[in-house]
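Each chain is listed here by its residues.
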Amino acid sequence: MKAIRIKFFQETASFKLPMWNGSILPTYPLPPYSTVIGMIHTLCQWNTTHRIKLSIVCNNQQLGAAQQGLYRGYIGGTTFSKITEEMEARWPIIVEGAFDDYIGFTTRIYTTEFLVDRYYTLHVTTENEEDFNKIIEVFNYPPVYPSLGRWEDSIRIDEVKIVEIADELKSGELNCFVWLPGRYSSLQGFSTVWKIPTYYNLVRDKRKFEYIKCYLGERGDLATFRLDEEGEHVLLI
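Residues numbered from 1 in each chain as written. Predicted model: local features only at pLDDT ≥ 70, side-chain atom pairs only at ≥ 80, totals over all residues. Heavy atoms only, no water.

A. Main features of the sheet that holds strand β7 (residues 170–173). Strand order in the open sheet formed by three strands is β7-β11-β12, with antiparallel pairing between adjacent strands. A strand with exactly one partner marks an edge of an open sheet, and here the two such strands are β7 and β12 (233–234). Strand direction decides the pairing type here: β7 and strand β11 (residues 222–227), joined by four bridges, are antiparallel. Of the residues in β11, the one forming a bridge with S171 is T224. (Pairing = 2+ DSSP bridges. Helix = DSSP H or I, 4+ residues; strand = E, 2+ residues; numbered from the N terminus.)

B. Representation of helix α1 (residues 33–44). Here α1 spans 17 Å end to end across 12 residues, near enough to the 16 Å set by a 1.5 Å rise per residue. Most of α1 is tucked away: nine of the 12 residues are buried. Within the sequence span of α1, burial applies to Y33, S34, V36, I37, M39, I40, H41, L43 and C44. The first or second residue beyond α1 is Q45, which carries a positive phi of 55°. (Expected span 1.5 Å × (residues − 1). Buried < 20%, exposed > 50% of the residue type's maximum accessible area, 1.4 Å probe, protein only.)

C. Seen up close, the nonpolar core. If you look at the biggest cluster of nonpolar residues, it comprises 38 residues, and the most contacted ones within it are F8, I40, L122 and I135. Counting only elements with at least two residues in this core, the list comes to β1 (2–13), α1, β3 (52–73), β5 (102–126), α3 (129–140), β8 (177–181), β9 (194–203) and β10 (206–217). It is α1 that contributes the most residues to this core, seven residues altogether. Once you skip the residues sitting within four places of it in the chain, F8 turns out to touch M39, I56, R118, Y119, Y120, L122, L148, I155, R156, I157 and D158. (Core = buried A, V, L, I, M, F, W, Y, C linked by side-chain atoms within 4.5 Å. Contact = heavy atoms within 4.5 Å.)

Take a look at the structure:
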């Protein structure tokens, strides 16, 4: 199986979880598949969904850092229609909304979890040759500055190479951190299950994601995987 292997480094990253307690912004321990798919689509400047298969592995460390943030405030789940004394007392910053309404903002100190000093290996396969060649082109000559997750979390691309991936699956110990879909994992019933977003459809102008149930695989965990021609672990989804 022919694939594109991309190796890159990222100094800092934060992949925000959809739920948080208001004082800590936790991060996924690895980038969700949807974030990686979004990075590829952004670099390729695709405006429609192109289905690809990918595998991403990395090593990482976590670091919590305190910083100040600006938050949107809601009243009863909606914005408010007019500025009253109560609204002025409640929100130190009030801006006009898009529908003749107002949005209140306030500031608070919160803690953001960061992942630092991350070395990734990304394998990508495509359904057609045109998409394959496009991905090679944009990672060799990015049309925009590449980043993974937040815009400020840029990446340094170290390698772009065409490799062969073995068809047969192999069982053994992992040498990396990786999302483990159930079919690859020996951790079923013994570890936390993560719902990882992949592609999405627009439903009433809102993104409705597809999810894959995964375990977090770490070095030394037993798993099933493929190898590329240089022995790199590959777990395609």
